[in-house]
Structure formats: C-alpha cells, structure tokens
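One letter stands for each residue in the lines below.
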Amino acid sequence: TPEVAASPYLAAGARWLLAMDAPEGAIWLGRRFMAWRDRPYLERSGFIARVLGHVALGQPDSVRRLLDELFARRPEPELALFAVELQAALLLVDSAPVAAWRPSAERALRRYAAPGALPEGLGHRAAGMLALLIQPEAGGSGLSPAFSAMFDAERAARRGAWLEALRRSDAVVADTGAQLSDPVLRSVVTLERGEWLAETGNPEAARRELRRLEHSDVRGPPIGPPQPADVDWGLRTLARWRLATALDAAGERDEEVCLAYARVGRFWSAGAPEYRARADSARTRATALGCGD
C-alpha cells in the first residue's frame, strides 16, 4: 500500500530476513525493492540484502554481478567502497572460490586509497583493507590503530604464529568503535580469529568466537548504508562450516555441530562447485554422526 511503501523502515525488511536465516527471502524481497528506483532507500537496501543473501548461499558469481550493477546504478562513494571491501573480505576469509577477484579488488582499493580519492573517513578503510589483502607486500604504517593491529595479526598468522596473531588482534576485538566504523572489519576479525583458535587446538574458544556472528545487534534499523550486522549475517554459513568442522575434528559432536552441518548442507547446496562440495560433505558427515535421529 502507499502508506507502507512510503515508510523508510520498510527498507529494513529484506535485511532482517538475513538475520532470520532466510537468505532466499532476502534475495526475493531485495529484488522487489530494487525495482523501486524512485525510492533510493529501498533500492539501496535491496542491493545489500541480495548481495549478502548470495554470499550466504555460496553464489559468488551472483555476488559479483550484483556488485558490478551496484557500481553502475548507485555510484556514491560509500556504496562503491563497500562493494570493493566486501570482495576483499571474501578474499581474506575464504579465498579459493573467489580467487579470480584479486587483481580487480587490489586495483580498486589502490585507487580508493589514494589521497583525495574518497571523502575523509572513507579513505582509511580502503587503505586498511588493501594492506590486509596484499600483505606482506604492504607496510603497516599510516593505518588506523584497528587496521594496524589486524595487519600485524595477519602477518603473524601467515607464518603460523597463531597465539601471536590472537594476541595482536585482541586490540581490534576490544575496540568496538573501530569495528562499527567499517562494515566488513568485524566479520573478518571474527572469522580469522575463529580459524586461529582452532589451529591452536582450542575448539571451544573457536566455538565462542564464531558464535559472535549469530546475533541481531544493529545500530538502529538496517535501512541506511551497509553496517557490520549485514555482513555478519551474510557470512554465517561460512562461520557454521568452520565451527562444525573444527569441533567435529576435535571430537566435539553435539547438537550445535549437527545444526551447523544441517544449515551448511541446506544453504550451500545450490552454490558454486566449491560450496556444493562442502554442502555434500556436511550432509554426509551429519548422517554419519546420526544427526536428526
């Protein structure tokens, strides 16, 4: 109805569907929102919901196509930067399925990180994500404190110094303001730390870390620019895969492991080949564990 359509809070609907574990619904409603070009707030939220719905479903080709469309239809700096940051984040946390994105993501981040390329407050995000993506080629100087700490943590992790990586990233975890200032940083930190904790042989700590993406913590209704919660929800399938496999390998095979395998098996079943293979593995393992019996 016109009254409902006129409400700016309607734009939250598609993105809340991601929080409710309904990425297919987020994609469907997001597509409808995008058709309303005379209501930019709906079009923007439709893009965000659709992109992250396809992330949750393991469909990188659809993600890339929508991001390219976002560049063309909504070229404002914050959304353009988000599109590149999201690509960089996926390259950092799960590079194999999206490895072909690296050259274009690096070029775009270098362009955005150049002095004066973006409004003040956005350029440091581009510089920070570029440093994380191309290190150890990049230097860590000139970064914001949070990105500098994460840069050092990633450098330690690349040489297998997991405890040092965790210690250096503690500062980012403690800096709530920094995590909220960038829509992808919190998700990257959580997923990386979850993997590092598993590598140290501490599956319960990895479980606690990866659970951080299971939340509905938003800064007001999700109706404006992308916020960390949106990206957290989009990456929960990956977090569940890591949680299930880490705990399973450690002999921790409880109801949460079964549920994580079930959701991976469902959400990635129609994904790209790499994700479909994981979905098949999740279903096979869930059957072997007697999940649902």
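Predicted model, so just to flag it, every value in this text is computed and none were measured.

### Digging into the pattern of salt bridges
Here comes step 1: According to the stated counting rule, one finds 35 salt bridges in the structure shown.
Here comes step 2: One salt bridge connects Arg15 with Asp230, and the closest N-O pair in it is separated by 2.7 Å. Of this pair, Arg15 sits in helix α2 (residues 12-19) while Asp230 sits in helix α14 (residues 228-234), and the two are 215 residues apart along the sequence. As far as the burial class goes, Arg15 and Asp230 line up, both buried.
Here comes step 3: As a salt-bridge pair, Glu24 and Arg266 come within 3.5 Å of each other at their nearest N and O atoms. Here the residue Glu24 occupies a position in helix α3 (residues 23-34), and Arg266 occupies one in helix α16 (residues 255-267), the gap between them amounting to 242 residues.
Here comes step 4: Shared partners join several salt bridges into a network, and the residues in it are Asp21, Glu214, Arg236, Arg240 and Arg263.

### Here's the deal with the state of the cysteines
Here comes step 1: Here the structure, examined in full by the defined rule, presents one disulfide.
Here comes step 2: Two residues, Cys258 and Cys291, share a disulfide whose sulfurs are 2.0 Å apart. Torsion about the S-S bond of the Cys258 and Cys291 cystine: about -70°, corresponding to left-handed handedness. You can see Cys258 sitting in helix α16 and its partner Cys291 sitting in the segment after α17 (273-288), a full 33 residues away along the chain.
Here comes step 3: Its relative accessible area of 18% is what places Cys258 among the buried residues.

### Observations concerning the side chain of Asp248
Here comes step 1: Within the fold, Asp248 resides in helix α15 (residues 236-249).
Here comes step 2: Of the residues examined, Asp248 reaches a relative accessible area of 6% and is grouped as buried.
Here comes step 3: Within the structure, the side chain of Asp248 is placed 2.6 Å from the side chain of Arg285, a separation counted as a polar contact.
Here comes step 4: Dropping the residues within four chain positions of it, Asp248 is found in contact with Arg253, Tyr261, Arg285 and Leu289.

### Quick look at helix α8 (residues 123-134)
Here comes step 1: Its 12 residues give α8 an end-to-end C-alpha distance of 17 Å, which sits within 8% of 16 Å, the value for a rise of 1.5 Å per residue.
Here comes step 2: With nine of its 12 residues buried, α8 lies for the most part within the structure.
Here comes step 3: Buried within α8 are the following residues: Arg125, Ala126, Gly128, Met129, Leu130, Ala131, Leu132, Leu133 and Ile134.
Here comes step 4: Residues of α8 that are buried make contact with α6 (77-93), α7 (102-113), α9 (145-158) and α11 (176-181).

### Comments concerning the packing of aromatic side chains
Here comes step 1: Tallied over the entire structure, the rule returns three aromatic pairs.
Here comes step 2: Through pairs of rings, three or more aromatic residues link up here, namely Trp241, Trp268 and Tyr275.
Here comes step 3: Stacked on the ring of Trp36, the Lys or Arg Arg39 has its end atom at 5.0 Å from the ring centre.
Here comes step 4: The ring of Tyr112 has Arg111 sitting right over it, with the charged end atom 5.3 Å from the ring centre.

Procedures and definitions
Residues numbered from 1 in each chain as written. Predicted model: local features only at pLDDT ≥ 70, side-chain atom pairs only at ≥ 80, totals over all residues. Heavy atoms only, no water. Salt bridge = Lys/Arg side-chain N within 4 Å of Asp/Glu carboxyl O. Helix = DSSP H or I, 4+ residues; strand = E, 2+ residues; numbered from the N terminus. Buried < 20%, exposed > 50% of the residue type's maximum accessible area, 1.4 Å probe, protein only. Disulfide = S-S within 2.5 Å. Polar contact = N/O pair within 3.5 Å; in protein donor to acceptor, adjacent residues only side chain to side chain. Contact = heavy atoms within 4.5 Å. Expected span 1.5 Å × (residues − 1). Phe/Tyr/Trp six-rings, centres within 6.5 Å; stacked < 30°, edge-to-face > 60°. Lys NZ or Arg CZ within 6 Å of the ring centre and 35° of its normal.

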